[in-house]
Amino acid sequence: MTNSERALQLLGLVRRAGKLVTGESFVLAAVRDGSAKLVLMASDAGKTSQKQFRDKTTSYDVPLNESFTKDQLSTAIGSARTVIAITDPGFVRKLHQLLE
């Protein structure tokens, strides 16, 4: 199993632990209030969404990862999403280890 596959499995665990924010407006709110520790955006997201989340995460100094496609993210968390945020620093640390 590759580290990329392990990272996707970890996203399922993050969701079950209740440490995942899904949906564009909720992720933006989490970035603004500081609860988002990492934002994952699909590499095939729309141009408008890409610009919006790149700008917002840059201005609030939140890491942004675009390693996965919509299909990969959606399958990993069990619902169709383009952008998600992780709110737990421990899960973020483990995800960074897997993706390096």
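Read on for a plain summary of the structure. Because the structure is predicted, anything quoted here is derived from the model rather than measured.

**Points about the nonpolar core**
Now for step 1: Counting residues in hydrophobic clusters, the biggest one holds 32 residues, and the most contacted among them are Leu-11, Val-27, Val-39, Leu-40, Ile-86 and Leu-95.
Now for step 2: When contributions to this core are tallied by element, the ones reaching two or more residues are helix H1 (3–16), strand S1 (20–22), helix H2 (24–33), strand S2 (38–41), helix H4 (70–77), strand S4 (83–86) and helix H5 (89–99).
Now for step 3: With near-sequence residues (within four places) excluded, Val-27 lies in contact with Val-21, Thr-22, Val-39, Phe-53, Val-83, Ile-84 and Ala-85.

**Looking at the pattern of salt bridges**
Now for step 1: Within the structure shown, the criterion is met by two salt bridges.
Now for step 2: Across the pair Asp-55 and Lys-51 runs a salt bridge, and its minimum N-O distance is 2.6 Å. Residue Asp-55 and its partner Lys-51 are located together in helix H3 (residues 47–59), separated by four residues, close to a single helical turn.
Now for step 3: Since its relative accessible area comes to 40%, Asp-55 is described here as partly exposed.
Now for step 4: The residue Arg-54 makes a salt bridge to Glu-66 at a minimum N-O spacing of 2.8 Å. Of the two residues, Arg-54 sits in helix H3 while Glu-66 sits in the loop between strand S3 (64–65) and H4, which places them 12 residues apart along the sequence.

**Some words on the sheet that holds S2**
Now for step 1: Judged by pairing direction, the sheet is mixed, and its four strands sit side by side in the order S1-S4-S2-S3 without closing on themselves. Single-partner strands in this sheet number two, and they are S1 and S3.
Now for step 2: Here three bridges tie S1 to S4, and the two strands are oriented antiparallel to one another. Note that in S4 the partner of Thr-22 across the bridge is Ile-84.
Now for step 3: Lying over the sheet, H5 contacts S2, S3 and S4, oriented at roughly 50° with respect to S2.

What counts and how
Residues numbered from 1 in each chain as written. Predicted model: local features only at pLDDT ≥ 70, side-chain atom pairs only at ≥ 80, totals over all residues. Heavy atoms only, no water. Core = buried A, V, L, I, M, F, W, Y, C linked by side-chain atoms within 4.5 Å. Buried < 20%, exposed > 50% of the residue type's maximum accessible area, 1.4 Å probe, protein only. Helix = DSSP H or I, 4+ residues; strand = E, 2+ residues; numbered from the N terminus. Contact = heavy atoms within 4.5 Å. Salt bridge = Lys/Arg side-chain N within 4 Å of Asp/Glu carboxyl O. Pairing = 2+ DSSP bridges. Axes fitted to C-alpha atoms, helices over the stretch in contact; angles between N-to-C directions.

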